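# Understanding the architecture of this molecule
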Amino acid sequence: MDDVDAEAVRGADEAERARIWVRWVDELGQPEASRRWLAIFAATDAPRTG
């Protein structure tokens, strides 16, 4: 996870995001992977969705 930063996740294509997600779930478990995923996208998605 230390080798994947927020910008890398946001900038990844769909296939790469899927690979990152699977790796995170395998290494961190689903709850922590979800927490990190939501934290990454909350900063960019929230202003656009109101």
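What counts as what
Position numbers for residues start from 1 in each chain and track the written sequence from start to end. At least 70 in pLDDT is required for a residue's local features to be given in this predicted model, at least 80 for side-chain atom pairs to be given and counted, and no such filter applies to totals for whole chains, interfaces and linings, which use all residues. Only hydrogens and water are removed before side-chain values are computed, so all heavy atoms of the structure are retained for them. For the purposes of this entry, the term helix denotes a DSSP run of H or I that reaches at least four residues, the term strand denotes a run of E that reaches at least two, and both are numbered from the N terminus. Think of it in three bands: residues with accessible area under 20% of the maximum for their type are buried, residues over 50% are exposed, and the middle band is partly exposed, with areas taken using a 1.4 Å probe on protein chains only. Whether two residues are in contact is decided by their heavy atoms, any of which lying within 4.5 Å being enough. Each accessible area is a Shrake-Rupley result for a 1.4 Å probe, and residues are judged covered by the shown protein chains and nothing else. Basic side-chain nitrogens of Lys or Arg form a salt bridge, by our definition, when they fall within 4 Å of a carboxyl oxygen of Asp or Glu. In the analysis that follows, any N or O atom pair within 3.5 Å is treated as a polar contact, provided that within protein one partner can donate a hydrogen and the other can accept it, and provided that, for residues neighboring in sequence, both atoms belong to side chains.

It is worth spelling out the overall build of the chain at this point. Across its full length, the chain carries 3 helices and 0 strands. The linear arrangement of helices and strands in the chain, starting from the amino end, is α-α-α. In the chain, which comprises 50 residues, the share counted as buried stands at 22%. Pairs at least 24 residues apart make up 36% of the contacts formed inside the chain by residues separated by at least 6 positions. Accessible area of the chain: about 3,600 Å², with a carbon and sulfur share of 53%.

This part takes up the pattern of salt bridges. One pass over the full model with this rule turns up 4 salt bridges. Among the ionic pairs, Arg19 bridges to Glu16, the shortest N-O distance being 2.9 Å. Of the two residues, Arg19 and Glu16 are both situated in helix α2 (residues 14-28); the distance of 3 residues between them amounts to about one turn of the helix. Judged by its relative accessible area of 30%, Glu16 is partly exposed. The closest approach of N and O atoms between Glu32 and Arg35, which form a salt bridge, is 2.6 Å. Placement of the pair is Glu32 and Arg35 together in helix α3 (residues 30-49), with a separation of 3 residues, close to one helical turn.

Time to look at the environment of Arg17. Looking at the secondary structure, you find Arg17 in helix α2. On the accessibility criterion, Arg17 (27% relative accessible area) is partly exposed. Filtering out sequence-adjacent residues up to four positions away, Arg17 remains in contact with Val9, Arg10, Ala12, Trp37 and Phe41. Only 3.0 Å separates the side chain of Arg17 from the backbone oxygen of Val9, close enough to count as a polar contact.

In short, the description is geometric, and any link to function would need to be established separately.
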